[in-house]
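Given next are the chains, with one letter for each unit.
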Amino acid sequence: MFWPLSHHRPPADDGGLREKVPAAARREAERKTGPRFWRRLRDGSQPEPVPSHLGTVEDPEAEKVGICCSGGGIRSAAFCLGALQSLQEEGELRRAAYLAAVSGGSYIAGALSMVALSKGGAAAGNSNPDLFAEKKPFAPGSPEEQYLRNRSSYMAPTMGEKIYLGWRMLLGLLFNLVFIAAPLVGLTLVFTGLLYAPLVPGLAGACGQTQTGCIANGPPWFSIVPLAFLGLALVLGMASLLFRWGEQKWERRFAVWAVRTLLLAVGLALALIALPHLVDWMEGATSKGETVQPSAGGQTGQTAGAALIALIAGVFAQVAHMLSSKEATEGLGRARKAFGKLGKGARLALAYLAAALAGPVLLIAVVALTLATGLGQADSPGRIDVGLILAGAAVLAVFLFVYGLADLTAWSLHPFYKRRLASAFALKRIAASELTEEERKHVEAVAGRPGDPDYAGIAVERDFDKSVLLSKTALNEGTTPEWPTLLVCAAANVSDPGATPPGRRVTSFTFSSQTMGGPLVGAVPTEEMEKLFIDPDRSSPRYLRKGQRRTLFERAADNSRKHRRRDMTLPAVIAMSGAAISPSMGKMTRRPLTFLMALANVRLGVWVPNPRWLGDWNEDEVLHSRSLRPRPSYLLRELFGLNEIGAKYLYVTDGGHYENLGLVELLRRGCTEVYCFDASGVGQHQADYGALGEAIALARSELGVEIEFDEDPKELEPDKKTHLAEKDFVKGTIRYPDGPDGVLIYVRNAMTAKAPWDARAHQIEDPRFPHNSTVDQLYTDQKFEAYRVLGQRAGEEAVEAMFSA
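About the criteria used
Residue indices follow the written sequence of each chain, beginning from 1 at its first position. This being a predicted model, a pLDDT of at least 70 is required before a residue's local features are given, and a value of 80 or more before pairs of side-chain atoms are given or counted; all residues contribute to the totals for chains, interfaces and linings. Side-chain metrics in this entry use all non-hydrogen atoms of the structure; hydrogen atoms and water are not considered. Helix and strand assignments follow DSSP, with helices taken as H or I runs no shorter than four residues and strands as E runs no shorter than two, numbered in order from the N terminus. Residue exposure (1.4 Å probe, protein chains only): buried if accessible area is under 20% of the type maximum, exposed if over 50%, otherwise partly exposed. Here, residues are in contact when the closest pair of their heavy atoms is within 4.5 Å. Only the protein chains shown count as covering a residue, and every accessible area follows the Shrake-Rupley method with a 1.4 Å probe. Criterion for a salt bridge: a side-chain nitrogen of Lys or Arg within 4 Å of a carboxyl oxygen of Asp or Glu. Centres within 6.5 Å make a pair out of two Phe, Tyr or Trp rings, where for Trp the six-membered ring is used; the pair is then stacked when the planes are under 30 degrees apart, edge-to-face when over 60, and tilted otherwise. An expected span of 1.5 Å times one less than the residue number is assigned to each helix. Residue types Ala, Val, Leu, Ile, Met, Phe, Trp, Tyr and Cys, when buried and joined through side-chain atoms within 4.5 Å, form a set referred to as a nonpolar core. On a range of 0 to 100, pLDDT expresses the predictor's confidence in each residue. We define a polar contact as two N or O atoms separated by no more than 3.5 Å, with the added condition that, inside protein, one atom must be a possible hydrogen donor and the other a possible acceptor, whereas residues neighbouring each other in sequence contribute only through side-chain atom pairs. To get an axis, a line is fitted to the C-alpha atoms, and for a helix only the part in contact is used. The angle between two axes follows their N-to-C directions and goes from 0 to 180 degrees. Roughly parallel refers to an angle under 35 degrees, roughly antiparallel to one over 145, roughly perpendicular to one between 65 and 115, and oblique to any angle outside these ranges. By definition, turning the near helix anticlockwise from the far helix through less than a right angle yields a left-handed crossing, and turning it clockwise yields a right-handed one. Ten residue types, Ala, Val, Leu, Ile, Met, Phe, Trp, Tyr, Cys and Pro, are classed as nonpolar, four, Asp, Glu, Lys and Arg, as charged, and the remainder, Gly among them, as polar. When DSSP locates at least two bridges between a pair of strands, those strands are taken to pair.

## What about the overall build of the chain?
And then number 1: Assigned secondary structure in the chain consists of 26 helices and 14 strands.
And then number 2: Across the 805 residues that make up the chain, the buried fraction comes to 53%.
And then number 3: Of the contacts formed within the chain by residues at least 6 apart in sequence, a portion of 79% connects residues at least 24 apart.
And then number 4: For the chain, the computed accessible surface area is about 36000 Å², with 61% contributed by carbon and sulfur atoms.

## Observations regarding the pattern of salt bridges
And then number 1: Evaluated as defined, the whole model comprises 24 salt bridges.
And then number 2: Across the salt bridge formed by Arg149 and Glu145, the nearest N and O atoms sit 3.4 Å from each other. In this pair, Arg149 and Glu145 are both assigned in helix α7 (residues 143–149), 4 residues apart and thus about one turn of the helix distant.
And then number 3: Residue Arg668 pairs with Glu665 through a salt bridge whose shortest N-O separation is 3.1 Å. On the criterion of helical spacing, the pair formed by Arg668 and Glu665 is a turn pair, its members being 3 residues apart in helix α23 (residues 663–668). Glu665 shares its class with Arg668; the two are buried.
And then number 4: Look at the salt bridges and you will find they share partners, linking Asp14, Glu665, Arg668, Arg669 and Glu702 into a network.

## Brief notes about unusual backbone geometry
And then number 1: In the segment running from Phe769 into Pro770, the intervening peptide bond is cis, with an omega of 5°.
And then number 2: We note that Glu63 has phi near 65°; this positive angle belongs to a residue other than glycine.
And then number 3: Judged by its relative accessible area of 31%, Glu63 is partly exposed.

## Some thoughts on the packing of aromatic side chains
And then number 1: All told, the structure shown has 19 aromatic pairs when counted by the stated rule.
And then number 2: For the pair Phe179 and Trp411, a centre-to-centre distance of 5.2 Å together with 50° between the ring planes defines the contact as tilted. Here Trp411 lies in the loop between α14 (386–405) and α15 (414–425) and Phe179 lies in helix α8 (residues 159–199), a separation of 232 residues in the sequence.
And then number 3: Assessed through its relative accessible area of 6%, Phe179 is described here as buried.
And then number 4: Aromatic side chains Trp221 and Phe222 sit 4.7 Å apart centroid to centroid with 75° between the ring planes, which places their arrangement in the edge-to-face category.

## Quick notes on helix α4 (residues 73–89)
And then number 1: With 17 residues, α4 should cover 24 Å at 1.5 Å per step; its first-to-last C-alpha distance of 24 Å lies within 8% of that length.
And then number 2: When you tally the buried positions in α4, you get 16 out of 17 residues, the bulk of the element.
And then number 3: Looking one or two residues beyond α4, the residue adopting positive phi is Gly91, at roughly 90°.

## Observations regarding the nonpolar core
And then number 1: The biggest cluster of nonpolar side chains holds 100 residues, and the ones touching the most others in it are Phe425, Phe511, Tyr675 and Phe677.
And then number 2: In terms of residues, this core owes the most to one element, helix α26 (residues 781–804), which gives 10 residues.
And then number 3: Sequence-distant contacts of Phe677, defined by excluding residues within four places in its chain, comprise Ile67, Cys68, Cys69, Ser70, Phe79, Cys80, Ala83, Leu87, Val747, Gly795 and Ala798.
And then number 4: Counting residues in each nonpolar core, the second largest holds 34 residues, with Ala100, Leu663, Ala699 and Tyr746 among its members.

## Looking at the confidence of the model for the chain
And then number 1: Per-residue pLDDT for the chain has a mean of 81; in total, 80% of the residues score no lower than 70.
And then number 2: Looking at the elements of the chain, mean pLDDT is at its lowest for helix α11 (residues 304–324), recorded as 51, and at its highest for α23, recorded as 97.
And then number 3: The low-confidence segment residues 289–305 (pLDDT under 50) makes 30 contacts with residues lying over four places distant or belonging to another chain.
And then number 4: pLDDT under 50 marks residues 445–454. Its contacts with residues more than four places away, or in other chains, come to 12 contacts.

## Here we look at the environment of Glu58
And then number 1: One can find Glu58 in the loop between α3 (37–43) and β1 (65–69).
And then number 2: By relative accessible area, which is 9% here, Glu58 ends up buried.
And then number 3: Residues Glu58 and Arg669 lie 611 residues apart in sequence; the distance between their C-alpha atoms is 4.7 Å.
And then number 4: Of the polar contacts made by the side chain of Glu58, one reaches the side chain of Lys64; its length is 2.6 Å.

## Some remarks on the environment of Leu112
And then number 1: In this structure, Leu112 sits in helix α6 (residues 104–116).
And then number 2: Apart from residues lying up to four places away in sequence, Leu112 is in contact with Leu84, Leu93, Pro137, Phe138 and Trp483.

## What about the packing of α8 against helix α13 (residues 344–376)?
And then number 1: Packing of α8 against α13 leaves a shortest axis separation of 9 Å and a crossing angle of 40°. Accordingly, the angle class assigned to the pair α8 and α13 is oblique. Where α8 crosses over α13, the two elements pack in a sense that is right-handed. Seen from α8, the contacting residues are Leu177, Ile180, Ala181, Leu184, Val185, Thr188, Leu189, Thr192, Tyr196 and Ala197; seen from α13, they are Leu362, Leu363, Val366, Val367, Thr370, Leu371, Gly374 and Leu375.
And then number 2: A per-class count over the contact of α8 with α13 returns 14 nonpolar, 4 polar and no charged.

## Some details on α14
And then number 1: Its 20 residues place the ends of α14 29 Å apart at the C-alpha level, agreeing with the 28 Å of an ideal helix rising 1.5 Å per residue.
And then number 2: Listed as buried for α14 are Gly387, Leu388, Ile389, Ala391, Gly392, Val395 and Phe399.
And then number 3: In this structure Asp385 caps α14, since a side-chain oxygen of it lies 3.0 Å from the backbone nitrogen of Gly387.

## Brief notes about the pairing of strand β8 (residues 522–525)
And then number 1: By the bridge criterion, 4 bridges tie strand β7 (residues 515–518) to β8 in an arrangement that is antiparallel. Bridging across to β8, Thr515 finds its partner in Pro525.
And then number 2: Where β7 hands over to β8, the hairpin turn is made up of 3 residues, counted between the paired strands.

See below:
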């Protein structure tokens, strides 16, 4: 069956979002209504968030077709590949206005779009359009399908790459820990030399090896100051509690400052009372264990370098002793037995509590070990130690140097993830005669083809260093006018109170060739963002000065923008759409784990320029900045989950953290004939409607759109004995508040009696199929093909159902 292209194809340039929700207007509204700096400091006032845009951004129209592909890693990519192949064969892909995709669905939707991108042909780095006459992009048996099939284990296909993946994760973890600990170590050494060594002489030198031992007693004001601030916090709190003020603002001020003073009192108590006594305990434990302290006393004139080396040696000595002591081993054994006797809920609560405390306790331990070892190196107890101050200053200087050069995203997992995705999905189809010499050698070594290589063309990976910019991926104009606008669906995390409903802490953030942004943050033209951050006006007098001679600083900024180009490409935004594991994950965020995940460098999310700030970054600022990238200080925001809607950068993660189908984005743009392919994660032999239910609830609350099913979705559930479902799709009705009703064909990756025999045979071999865990991203050809053919058959039935509807 083939449907001819309708004479009326509704426009789909994604312009409604940026026209109805302009980012500049939202930024201006916050400026006018938001409190000034001094008021925020005085009252703790926060800007009142501009509400999210409710309702559709494009009018619903008849024959406006939308296709969405769910998240789910390579499982969803394989299933949706088969489905899109069917829709392409039946002509529905040509009719579609929008193709929305999340996470794994965006892998294949983006790959299909990159292969179909043929403007300028091979000379422009794109596909050769003449080769599509025989086989359409990603058609069954096409060169790119074979290329992807051979790389379905894309994340780490070889043993060497598996080792590198583990090694890179370890290096990122170590760098992250050192980067966070370095300023703490430097500041602790400085304060040790300035404060603790002269004022707590009983802890300085080799006190643990003396007969009198260590004494943690400092001057009386060490105890008086924290108590004074605690008393002030008590007074302020009582003032807000007991008195009835004539104006509410005074009650608020007293409450805000009571909390601030209490936190200050706790910090001072930790620094002046708890830390010295913790060092006292550690020194005593070390002396009992006969661990040798690094020699220190009497070594006057010690250099900063020697002090730093001694510090590191001392820290390792302390850690080794604490982990190997008999008391520690016995205590861990008792704790393990007690933990096993608790109920499931209690174990989970304790696990979250331990995770929440692990990060802060680790950093406190670093400070305590640094303080203990620094005091052990003190030259003259009772006096200011210049050596420790110089050592601390040296650590801080190195940290500040690295801070100025570091790219927060560079040592996260995002660059590796993006590169691996590009190696399998960022493709183009060209004739063998159009290969460059480098590409020819690679193809001959990896995927050489006998016979006439120009018959169907050959699939090769696009140049990663010159990946196509997002604005250049428009396929609904030029050589391929009959192609849907690709919507890569991600999520922007938001922590501002009142900006999002409780429990969500996230908003939609989509990328397309012409628009980037969302209904809460606002939207801007993609090309304008790229032009500002990647390619400023080189004819500007600010850029070409003094006979086109630029300073070293300006050349460094220009070079940095070349690297930033990779952050605005289609492979980059696909990787953001699939950033499933991050410290902040919208509605899936586990607050007790946020600090620990950021500390352990478990970070796939990316800090993306906030569209609201586009007008504030002028050309002069861009040209004179090194890179206009998020500073490493944003790592603190990741540690504490501080994702302000008005910050210069937004933390963008997996689209499933907002909505895992992409269905809401199609409804937001008024689609009335919708195909929804859902291969999101479920349990073994189970059908999970969580993603569908969430999309229906969001469509109602944010758009005013109702979805009613004509059939019972329970027909998609597999039988517990046969593991087969009655159907793999159901039909529903989309009811817009102002516009024509629409049709929804919801397709699930379910096994039915009509499923191809090879897929059923694979289920016998692997009972988890077709619901393999999303954690599994290393697919064999058998598993990849089973999902693909299951999606292909489901796509055929979905087209028939839409035709009958």
